[in-house]
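So the chains spell out like this:
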Amino acid sequence: LDLARKQAGADNPDTLVTAHNLAFLYQSMGRHDEAEPLFIDTLERCQRVFGPAHPGTMTCTQSLASLYQVTDRPDEAIVLMEGALEGARSATGPESPTVIDLSRTLGAMYAQHGRAEEGEALLAGALPALRRMAPEDHPMLGDMLSTWGECLRRCERLDESRDALTEAYEILSAAQGQRNAEKARTAAERLARVWRALSDEDEAARWEALSQQPTGG
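The following refers to the structure shown. The residue numbers shown here count from 1 along each chain, following its written sequence. Totals for whole chains, interfaces and linings use every residue, but because this is a predicted model, local features are given only for residues with pLDDT of at least 70 and side-chain atom pairs only at 80 or more, for both listing and counting. Note that water and hydrogens are dropped before the side-chain values are worked out from all heavy atoms of the structure.

Now for the packing of aromatic side chains. One pair of aromatic rings is described through two measures. These are the centre distance and the angle between the planes. Each Phe, Tyr or Trp ring (for Trp, its six-membered ring) is paired with any other whose centre lies within 6.5 Å, and the angle between the two planes then decides the class: stacked below 30 degrees, edge-to-face above 60, tilted in between. Applying the stated criterion to the full structure yields one aromatic pair. Taking 5.0 Å as the distance between ring centres and 85 degrees as the angle between the ring planes, the aromatic pair formed by Y169 and W207 counts as edge-to-face. In this pair, Y169 sits in helix α9 (residues 158-174) while W207 sits in helix α11 (residues 201-211), placing the two residues 38 residues apart along the sequence. Helix numbers and strand numbers start at the N terminus; a helix is a DSSP run of H or I with at least 4 residues, a strand a run of E with at least 2.

Spelled out as structure tokens, the structure:
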């Protein structure tokens, strides 16, 4: 990294990729104290060089947020993602793919950390734009519906949760790829919880069984 900075400059795009990858390596090795300042420096440079909505900036943002989460600092991760979302909205408008993706990520973080009402509102606002933008069977739509359905469940809006999660499962279970298969199983697991809360043990058991089966291609 030092050589790349000396030869190409610290703000060179290739140097920034190298810096991010080194920080990621540090994190994977548990060397969080070394990863964090490198992630922060790289993110600041990406914001300056590329702007707030560039894919490289988004990658660095999500990597730093992940580090905050694995080091038990979810509030810092949320604040970071909130800032990234606001910056992307200002740069690209409220319905860009970057804004929608950040909304999905932040909504999931809200749900994970006891802020389901905020997550539900954020995702409910982003879903119409995603439906206009993506095909009705796009996995990203299924993923957002699954997260939204979980927020609805935590808000005790069970009928809406059931419908959102059922649609999510149908989309994700028909999609190709192991990652989508895993997300389909997650949607099924969430549906089992909803049906149990609705006092229908037969449906809960059916969805539990589906959550344990391979799906997708």
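This part covers the nonpolar core. Each nonpolar core is a collection of buried residues, namely Ala, Val, Leu, Ile, Met, Phe, Trp, Tyr and Cys, held together in the definition by side-chain atoms within 4.5 Å. Relative accessibility thresholds used throughout: buried, under 20% of the residue-type maximum; exposed, over 50%; partly exposed, between the two (1.4 Å probe, protein chains only). Counting residues in hydrophobic clusters, the biggest one holds 30 residues, and the most contacted among them are M144, L145, W148, Y169 and W207. Counting residues per element, this core draws most heavily on helix α10 (residues 178-197), at seven residues. Pairs of residues are marked as contacts when any of their non-hydrogen atoms sit within 4.5 Å. Ignoring any residue separated from it by four or fewer positions in sequence, one finds W148 in contact with E120, L123, A124, L127 and A164. F39, M58, Y68 and V99 belong to the second-largest nonpolar core, a separate cluster that totals 29 residues.

Within the secondary structure layout, C151 lies in helix α8 (residues 139-154). Exposure remark for C151: the relative accessible area of 0% places this residue in the buried category. For the pair C151 and A35, spaced 116 residues apart in the sequence, the C-alpha separation amounts to 32 Å. Discounting chain neighbours no more than four positions away, the residues touching C151 are G107, A111, A116, G119, E120 and L123.

Turning our attention to the pattern of salt bridges. A pair is scored as a salt bridge if a Lys or Arg side-chain nitrogen falls within 4 Å of a carboxyl oxygen belonging to Asp or Glu. Within the structure shown, the criterion is met by 24 salt bridges. In this structure, the salt-bridge partner of D41 is R45, at a minimum N-O distance of 2.9 Å. Of this pair, D41 and R45 both sit in helix α3 (residues 32-49), four residues apart, roughly one helical turn. Notably, a salt bridge pairs D143 with K183, separated by 3.2 Å at the nearest N-O pair. On the criterion of sequence distance, the pair formed by D143 in helix α8 and K183 in helix α10 is long-range, its members being 40 residues apart. Connected through shared salt-bridge partners, D11, D41, R45 and R48 make up one network.

Attention now goes to the side chain of T42. Counting through the fold element by element, T42 comes out in helix α3. With relative accessibility at 1%, the residue T42 sits in the buried group. Dropping the residues within four chain positions of it, T42 is found in contact with L16, A19, H20 and C60.

The subject of this paragraph is the packing of α8 against α10. Where α8 meets α10, the axes come as close as 10 Å, and the angle between the chain directions of the two elements is 25 degrees. In terms of orientation, α8 lies roughly parallel with respect to α10. In this structure, the crossing between α8 and α10 has a hand that is left-handed. Counting all contacts with α8, which are made through P139, D143, S146, T147, E150 and R153, the residues of α10 involved are N180, K183, A187, R190, R193 and V194. Classifying every residue of the contact of α8 with α10 by side-chain character gives three nonpolar, three polar and six charged. Whenever a helix is involved, its axis is fitted only over the stretch in contact; in every case the axis is a line through C-alpha atoms, and angles between N-to-C directions fall within 0 to 180 degrees. In these notes the angle categories are as follows: under 35 degrees is roughly parallel, over 145 is roughly antiparallel, 65 to 115 is roughly perpendicular, and the rest is oblique. Left-handed is the label given to a crossing in which the near helix is rotated counterclockwise from the far helix by less than a right angle, and right-handed is the label when the rotation is clockwise. Charged means Asp, Glu, Lys or Arg here, nonpolar means Ala, Val, Leu, Ile, Met, Phe, Trp, Tyr, Cys or Pro, and polar covers whatever is left, Gly included.

On to the side chain of H20, then. Within the secondary structure, H20 is located in helix α2 (residues 13-28). On the basis of relative accessibility, which here comes to 11%, the residue H20 falls in the buried class. Setting aside chain neighbours within four positions, we find H20 in contact with F39, T42, T59, C60 and S63.

Now for the environment of L127. Note that L127 resides in helix α7 (residues 116-133). With relative accessibility at 4%, the residue L127 sits in the buried group. Linking L127 and W148, residues 21 residues apart in sequence, is a C-alpha distance of 9.0 Å. Once you skip the residues sitting within four places of it in the chain, L127 turns out to touch L141, M144, L145 and W148.

Once rolled over the atoms, a probe with the size of a water molecule shows which space is left empty. In the cavity and pocket records, a cavity denotes points on a 1 Å grid over the protein atoms alone where a 1.4 Å probe fits but cannot get out, a pocket denotes an open set with protein on both sides within 12 Å along at least 5 of 7 lines, and lining residues are residues with an atom within 4 Å of a point. Grid points are joined across faces, edges and corners, and a volume is the space filled by probe spheres set on the points. One number sums up the size of the largest pocket: a volume of about 610 Å³. Elements supplying a minimum of two residues to the lining of the largest pocket: α4 (55-70), α6 (97-112), α8 and α10. The biggest single contributor to the lining of the largest pocket is α6, with seven residues. Here the lining of the largest pocket is built from residues that sort into five nonpolar, eight polar and nine charged.

Taken by themselves, the reported measurements are silent on function.
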